[in-house]
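Descriptive analysis of the structure
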Amino acid sequence: AKPHLELQERLAIMRSSVIVAMVMLLKAHLKALYSLSEDKCSKFSLGKKSAIGDKPAMKRHDGMIISWERLPFALNPLLTTDDIENQKARFLDIWNEDGVTAEPEDEFL
């Protein structure tokens, strides 16, 4: 029974990683679609005007739809240990390409 439980726990973690990867791919898609920089996104504050003034974001590519090709388990179920390893590798690739890493606060430097 224990190996089955371990498999279920690993599947649950990888299913969660699918959700996180979907959010990361959606973020990258929206940044490309609206020509938004990481800096602009990270400095955004609801209700606060930016130094350059708020201009509406303009959609760049009509018909540009998000693709889940890089993340097959967004559309297909994770079932086997091979699926787990495949998802783990894909998640790490997407994570490493995101370009956003936690940085220490200035007061801790």
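Residues numbered from 1 in each chain as written. Predicted model: local features only at pLDDT ≥ 70, side-chain atom pairs only at ≥ 80, totals over all residues. Heavy atoms only, no water.

1. Considering the environment of Ile-19
For the record, the criterion: The secondary structure listing takes helices from DSSP runs of H or I that are at least 4 residues long and strands from runs of E that are at least 2 residues long, numbered from the N terminus. For every residue, the accessible area obtained with a 1.4 Å probe (protein chains only) is divided by the maximum for its type, and the residue is called buried under 20%, exposed over 50%, and partly exposed between those limits.
For Ile-19, the location among the structural elements is in helix H1 (residues 2–33). Given a relative accessible area of 54%, Ile-19 falls into the exposed group. Once the C-alpha coordinates of Ile-19 and Phe-91 are considered, the two residues, 72 residues apart in sequence, prove to be 10.0 Å apart.

2. Overview of helix H3 (residues 81–97)
Rules: Expected helix span is computed as 1.5 Å times (number of residues minus one). Each direction from the helix axis to a C-beta atom contributes to the arc, which is the arc of those directions. N or O atoms closer than or at 3.5 Å make up a polar contact, with two conditions inside protein: a donor-capable atom paired with an acceptor-capable one, and, for residues adjacent in sequence, both atoms drawn from side chains.
For H3, spanning 17 residues, the distance from its first C-alpha to its last is 25 Å, which sits close to the expected 24 Å at 1.5 Å a residue. For H3, the set of buried residues is Asp-83, Ile-84, Gln-87, Phe-91 and Ile-94. What you see down the axis of H3 is that its buried residues fit within an arc of 100°, all on one side. For H3, the exposed residues set more than 90 degrees away from the buried face come down to Asp-82, Asn-96 and Glu-97. N-capping of H3 is provided by Thr-80, with a side-chain oxygen placed 3.3 Å from the backbone N of Asp-82.

3. Section: the pattern of salt bridges
Using the following cut-off: Criterion for a salt bridge: a side-chain nitrogen of Lys or Arg within 4 Å of a carboxyl oxygen of Asp or Glu.
By the definition in use, this model includes 6 salt bridges. A salt bridge links Lys-43 to Asp-39, with the nearest nitrogen and oxygen atoms 3.4 Å apart. On the criterion of helical spacing, the pair formed by Lys-43 and Asp-39 is a turn pair, its members being 4 residues apart in helix H2 (residues 38–43). Overall, Lys-43 belongs to the exposed group, its relative accessible area being 60%.

4. Some thoughts on the nonpolar core
For clarity, the cut-off: As used in this record, nonpolar core signifies buried Ala, Val, Leu, Ile, Met, Phe, Trp, Tyr and Cys residues forming a set joined through side-chain atoms within 4.5 Å. Contact criterion: two residues are considered in contact whenever any of their non-hydrogen atoms come within 4.5 Å of each other.
Residues Leu-11, Met-14, Val-18, Ala-21, Met-24, Leu-25, Leu-71, Phe-73, Leu-78, Ile-84, Phe-91 and Ile-94 constitute the largest nonpolar core, which totals 12 residues. Ranked by residues supplied to this core, first place goes to H1 with 6 residues. Apart from residues lying up to four places away in sequence, Phe-73 is in contact with Val-18, Leu-78, Asp-83, Asn-86 and Gln-87.

5. Structural notes on the confidence of the model for the protein
Inclusion rule: Think of pLDDT as the predictor's per-residue confidence, scored from 0 to 100.
Averaged over all residues, the pLDDT of the protein is 80; the fraction at 70 or higher stands at 75%. For the protein, H2 is the element with the lowest average pLDDT, namely 80, and H3 is the one with the highest, namely 93. The low-confidence segment residues 101–109, where pLDDT is below 50, has 1 contact with residues more than four positions distant or belonging to other chains.

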